[in-house]
Amino acid sequence: MTLRRSILISALSLTAVLAALTATPAATASPTHDPGQSSGAVAVPDDSLRALASRVGLRIGTAVNTDVLATNATYQQITADQFSSVTPENVMKWQVVEPTQGTYDWSAADKLVKFAEAHGQLVRGHTLVWHSQLPTWLTAGTYTSTELRDLLRKHITDEVSHFKGNIWQWDVVNEAFLDDGTMRPTIWLDALGSSYIADAFRWAHQADPKALLFYNDYNIEGLGPKSDAVYGLVKDLRAQGVPIDGVGAQGHLDTKYGFPNQMRQNLQRFADLGLKVALTEVDVRTTVPDTTTPEKLAQNADYSQMLEACLLVRACISYTVWGFGDAFSWVPGVFAGEGSADIYDENLQPKASYFALQQTLMLASGAPHRDGTGAGRR
Ligand code: G3I
């Protein structure tokens, strides 16, 4: 029989329980509302990522492939044990929830919400306004600007209303900028101009006033033209009184490139606007097979340094990996010759990057104290 040390965690008192168990001073960043996902206490291993992160009030999340969750017991166990928040990788996207105009299919997403509730997890809703994974009836249709605006408002209102009370953070607008900081030409920008962004946040807020509403994008982890553009946007939105609560930096890195420029400082400047921040889709791809030591080390360092940047910014409330098993990663399908981006391998065994995150969380939540200052023989 395997003996597992475990700790009881409840959705609502996660931070409080662990704060009481440890004498570690904690920077708390608990959710600002009760998203209605309370549950009985759940037992998770006390060295799990979620238990360690809860000591500093941070949620550790994962994107979930709901097909795998439905059939793979090991995947279910890891999702429940290691993570305190879940994001549907695909099943809340417009293409999935309204494949035929006017006919909704919430079934897969509803199951994930139930799983989260049963395991004391919060849900990040992903994503309401995007240029990708739109239903064919929408992309192939011919609509006037007024009709498109009405369709977008209906989509946001219906989806946010359906999940009202069950979503902690919504990614309201996703990937509206190009890497050079100009706005991405999309069906929405082309028809409605940039005002669609403020409208989307207002409509989402009307449908669920308690959900935290995020702008989410990639390549905005560090200082640079794209994060400057997003900074300008969210600063304007705040100034206009638009109900935006946070900015999500996705965190899709590649060992080919350096670590994002001054990531902590970048997250902090968003926080200084009064916003929450979150790492929403972390993974670190590399060339495969990943036999090269420097690349493996870079991967571990990238995972840890992103977590450190988040830990150092009090407004950073969650760190979410974009799936946790290499067998189910989106990366090989998009980047030829690259992969191995996740913290568990093809057989759902934890990799060095998992242990790097675990160690960083242990340090953050209470490194052992030494006696004196460098005690010992002089
Ligand atoms: O569901 C269909 C299935 O019916 C069909 O048989 C199959 C054939 O290829 O395709 C299935 O759809 C796929 C879907 O994932 C669900 O598995 C799509 O082809 C595939 O393109 C889609 O990829 C997703 C991608 O977004 C779409 O752009 C990835 O799983 C998902 O990880 C990825 O996630 C995005 C975030 O939402 C936003 N940020 C970037 C991130 C990575 O691209």
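Procedures and definitions
- Residues numbered from 1 in each chain as written.
- Predicted model: local features only at pLDDT ≥ 70, side-chain atom pairs only at ≥ 80, totals over all residues.
- Near = placed C-beta within 6 Å.
- Nonpolar A, V, L, I, M, F, W, Y, C, P; charged D, E, K, R; others polar.
- Helix = DSSP H or I, 4+ residues; strand = E, 2+ residues; numbered from the N terminus.
- Buried ≥ 20, exposed ≤ 12 C-beta atoms within 10 Å, placed from the backbone.
- Expected span 1.5 Å × (residues − 1).
- Contact = placed C-beta atoms within 7 Å.
- pLDDT = per-residue confidence, 0-100.

Participant: So what exactly am I meant to see when it comes to the site of the ligand here?
Facilitator: Around the ligand lies a shell formed by Glu89, Asn90, Ser132, Gln133, Asn174, Gln250, Glu281 and Trp330. The class makeup of the residues in the shell around the ligand is 1 nonpolar, 5 polar and 2 charged.

Participant: Mind showing me how you'd approach unusual backbone geometry here?
Facilitator: Among all residues save glycine, negative phi is the norm, and among peptide bonds the norm is trans. Omega for the peptide link from His126 to Thr127 comes to -5°, which places this bond in the cis form. For Thr127, the position within the fold is in strand S5 (residues 122–129). With an omega of 0°, the peptide bond running from Val288 to Pro289 counts as cis. As for its placement among the helices and strands, Pro289 is situated in the loop between strand S10 (276–287) and helix H13 (293–311). Here the phi dihedral of Glu175 falls at roughly 60°; this positive angle occurs in a residue that is not glycine. Position of Glu175 among the secondary structure elements: in the loop between strand S6 (169–174) and helix H9 (187–192). The phi angle at Leu348 is positive, at roughly 60°, despite the residue not being glycine. A residue is classified by how many C-beta atoms lie within 10 Å of it, and Leu348, with 18 of them, is partly exposed.

Participant: Looking at this model, I keep getting lost on H13. Mind explaining?
Facilitator: One turn of an α-helix holds 3.6 residues; hence residues three or four places apart share an orientation. Spanning 19 residues, H13 covers 27 Å between terminal C-alpha atoms, matching the ideal 27 Å at 1.5 Å per step. Restricting attention to buried positions, one finds in H13 the residues Ala298, Gln299, Asn300, Asp302, Tyr303, Met306, Leu307, Ala309, Cys310 and Leu311. Of the surrounding elements, those touching the buried residues of H13 are strand S9 (252–254), helix H12 (263–271), S10, strand S11 (316–321) and helix H15 (352–366).

Participant: For this particular structure, what's the right way to read the confidence of the model for the chain?
Facilitator: The predicted coordinates should not be examined in detail at positions where pLDDT is low. Averaged over all residues, the pLDDT of the chain is 90; the fraction at 70 or higher stands at 88%. Ignoring residues within four places in sequence, the model shows residues 11–40, a span with pLDDT below 50, making 58 contacts including any to other chains.

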